[in-house]
Amino acid sequence: MVTGGPVIGGAVPAGARAPVSLSPSRANDFMQCPLLYRFRVIDRLPEKPSEAATRGTLVHAVLERLFDAPAAERTVPRAKELLPGQWAKLLQARPELAELFAGDPEGARLARWLGEAEALVERWFTLEDPTRLEPAERELFVEAELDSGLRLRGVIDRVDVAPTGEVRIVDYKTGKAPRPEYRDGALFQMTFYALVVWRLKGVIPRRLQLVYLGSGEVLTYDPVEADLRRVERRLLALWDAIAHATATGDWRPRPTKLCGWCDHQEHCPEFGGTPPVYPLPVLPSQRSG
């Protein structure tokens with residue numbers, strides 16, 4: 001059992017909380033490594049901003065704001081013009097992002113990074129034509145409670161609704177499209193969103209679309225009810241495992257190649273570290289080992 005010393009009874013420390021809902025990213029965290037999920041959701045350990053993740057946030061913001069303009073003005077030059085302003089807004093909202101380029105007095109790294117973001121935005125125009133799109137929703141927060149009580153939530157990049165009422169869910173990815181053998185994992189997030197929309201609106205999205213700006217590819221999938229029921233069963237089983245780990249304090253690391261990118265190696269037993277004291281109460285009868 002990896003706990004760092006659980007609290008037996010008593011008050012829960014400020015900031016600590018038991019999981020109350022599930023999002024695609026947190027579900028992926030638990031499947032990747034239960035201890036990583038604990039660090040992010042329960043301990044809420046800080047993580048350093050990364051250039052790649054921040055670039056993705058910036059590109060998403062530009063693509064969202066581009067649709068504020070009339071259709072005829074949704075051009076490559078207009079999108080590029082949005083980049084500096086959206087970067088300034090990100091810095092204002094999250095001042096810690098300035099650390100990314102703290103050692104760049106001449107601004108060369110920042111300029112290169114902004115150029116990479118610009119290239120991703122430009123590539124999007126080769127994959128979709130924004131002058132022919134009128135999204136029903138952008139950056140849409142969705143939340144639904146299943147019959148079991150499990151609450152699902154997330155943010156959908158774009159929702160398109162056809163005149164016939166058919167719904168398309170679109171997600172932008174700034175990385176490269178996965179190889180065919182890994183596409184089921186890539187579609188997990190989209191079927192998650194499709195399930196939430198189905199439970200909220202009673203409508204199964206006609207199409208799920210992943211737009212990979214890093215490689216210039218578009219991956220689509222047309223879900224059916226059986227797909228959504230299958231992902232619902234998977235999420236319920238996952239939530240049961242999360243609830244068990246929460247109650248017992250048993251969060252085990254799962255070493256993979258992804259460990260090299262983890263911010264929490266100093267707290268991970270796999271790297272000789274010790275997790276923080278487990279901040280949630282653990283009933284003596286539930287303790288293992």
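Please refer to the structure placed before this passage.
Chemist: Would you explain the overall build of the protein in this entry?
Modeler: Along the protein, the regular secondary structure elements total 7 helices and 5 strands. Scanning the protein from its N terminus toward the C terminus, one meets helices and strands in the order α-α-α-α-α-β-β-β-α-β-β-α. A compact globule built from 289 residues would reach a C-alpha radius of gyration of about 19 Å, and the protein, at 21 Å, matches this within 12%. Oriented by its inertia axes, the alpha-carbon framework of the protein measures out at about 65 × 55 × 35 Å.

Chemist: How should the layout of surface pockets be read in this particular structure?
Modeler: If you roll a probe as big as a water molecule over the atoms, it shows you where there is empty space left. Of the voids in this model, the second largest pocket is the one considered here, and its volume is about 310 Å³. Around the second largest pocket sit 14 residues that line it, and R17, S23, R26, R40 and V41 are the ones nearest its centre. In terms of residue count, helix 2 (residues 34–42) provides more of the lining of the second largest pocket than any other element does, 3 residues in total. Here the lining of the second largest pocket is built from residues that sort into 6 nonpolar, 2 polar and 6 charged.

Chemist: Would you explain the environment of G115 in this entry?
Modeler: Positionally, G115 belongs in helix 5 (residues 108–127). Taking the C-alpha atoms as reference points, G115 and R206, 91 residues apart in sequence, are found 35 Å from one another.

Chemist: Looking at this structure, how should I read unusual backbone geometry?
Modeler: In terms of backbone geometry, most residues other than glycine have negative phi values and most peptide bonds are trans. The phi torsion at R44 lies on the positive side, around 55°, for a residue other than glycine. When you line up the elements, R44 lands in the loop between helix 2 and helix 3 (51–66).

Chemist: Can you help me understand the environment of V197 in this one?
Modeler: Within the secondary structure, V197 is located in helix 6 (residues 183–201). Discounting chain neighbours no more than four positions away, the residues touching V197 are I156, I169, G202, V203 and P205.

Chemist: What exactly am I supposed to notice about the sheet that holds strand 1 (residues 137–145) here?
Modeler: Spatial strand order, 1-2-3-4-5: 5 strands in an open sheet with mixed pairing. Every other strand in the sheet has two partners, leaving strand 1 and strand 5 (217–221) as the edge strands with one partner each. When the angles between neighbouring strand axes are averaged without regard to direction, this sheet yields 35°. By the bridge criterion, 4 bridges tie strand 2 (residues 151–161) to strand 3 (residues 167–173) in an arrangement that is antiparallel. Bridge assignment links R158 to a residue of strand 3, and that residue is V170.

Chemist: Explain the nonpolar core to me, please; I cannot follow it from the model alone.
Modeler: Soluble globular proteins tend to bury their nonpolar side chains together. In terms of nonpolar packing, the biggest core is built from 49 residues, with L22, L152, I169, L235, I242 and W251 touching the most fellow members. Listed by contribution, the elements that provide at least two residues to this core are helix 1 (24–32), helix 2, strand 1, strand 2, strand 3, helix 6, strand 4 (207–212) and helix 7 (225–248). Examining the composition of this core, we find that 11 residues originate from one element, helix 6, more than from any other. Look past the residues within four positions of L235 in its chain and what remains in contact with it is L22, L150, L152, F188, F192 and L195. Of all hydrophobic cores here, the second largest spans 25 residues; its members include L58, V62, L66 and F67.

Chemist: Would you take a moment to explain the packing of helix 3 against helix 4 (residues 76–93) for this structure?
Modeler: The description of two helices packed together rests on the angle between their axes and the distance between the axes. At their nearest, the axes of helix 3 and helix 4 sit 9 Å apart, and the two run at 125° to each other. On the basis of their axis angle, the class for helix 3 and helix 4 is oblique. Handedness of the helix 3/helix 4 crossing: right-handed. Contacts between helix 3 and helix 4 pair T54, T57, L58, A61, V62, R65 and L66 from the former with R78, A79, L82, L83, Q86, W87 and L90 from the latter. Each residue belonging to the contact of helix 3 with helix 4 can be placed in one class, and the counts come to 9 nonpolar, 3 polar and 2 charged.

Chemist: Where do I start with empty space enclosed by the protein in this structure?
Modeler: For the structure shown, the criterion picks out 1 cavity of 30 Å³ or more. Here the largest cavity is characterised by a volume of approximately 120 Å³. C33, L36, C259, C262 and C268 are the residues nearest the centre of the largest cavity, which is lined by 14 residues in total. Per element, the largest residue contribution to the lining of the largest cavity is 3 residues, and it comes from helix 2. Along the lines of polarity and charge, the residues of the lining of the largest cavity split into 9 nonpolar, 4 polar and 1 charged.

The rules we used
- Residues numbered from 1 in each chain as written.
- Predicted model: local features only at pLDDT ≥ 70, side-chain atom pairs only at ≥ 80, totals over all residues.
- Heavy atoms only, no water.
- Helix = DSSP H or I, 4+ residues; strand = E, 2+ residues; numbered from the N terminus.
- Rg over C-alpha atoms; globule rule 2.2 N^0.38 Å.
- 1 Å grid on protein atoms, 1.4 Å probe; cavity = no way out; pocket = protein on both sides within 12 Å on 5 of 7 lines; lining within 4 Å.
- Points joined across faces, edges and corners; volume = space filled by probe spheres on them.
- Nonpolar A, V, L, I, M, F, W, Y, C, P; charged D, E, K, R; others polar.
- Contact = heavy atoms within 4.5 Å.
- Pairing = 2+ DSSP bridges.
- Axes fitted to C-alpha atoms, helices over the stretch in contact; angles between N-to-C directions.
- Core = buried A, V, L, I, M, F, W, Y, C linked by side-chain atoms within 4.5 Å.
- Buried < 20%, exposed > 50% of the residue type's maximum accessible area, 1.4 Å probe, protein only.
- Parallel < 35°, antiparallel > 145°, perpendicular 65-115°, else oblique.
- Left-handed = near helix turned anticlockwise from the far one by under 90°.

So, to be careful, I would describe these as geometric facts and stop short of saying anything about function.
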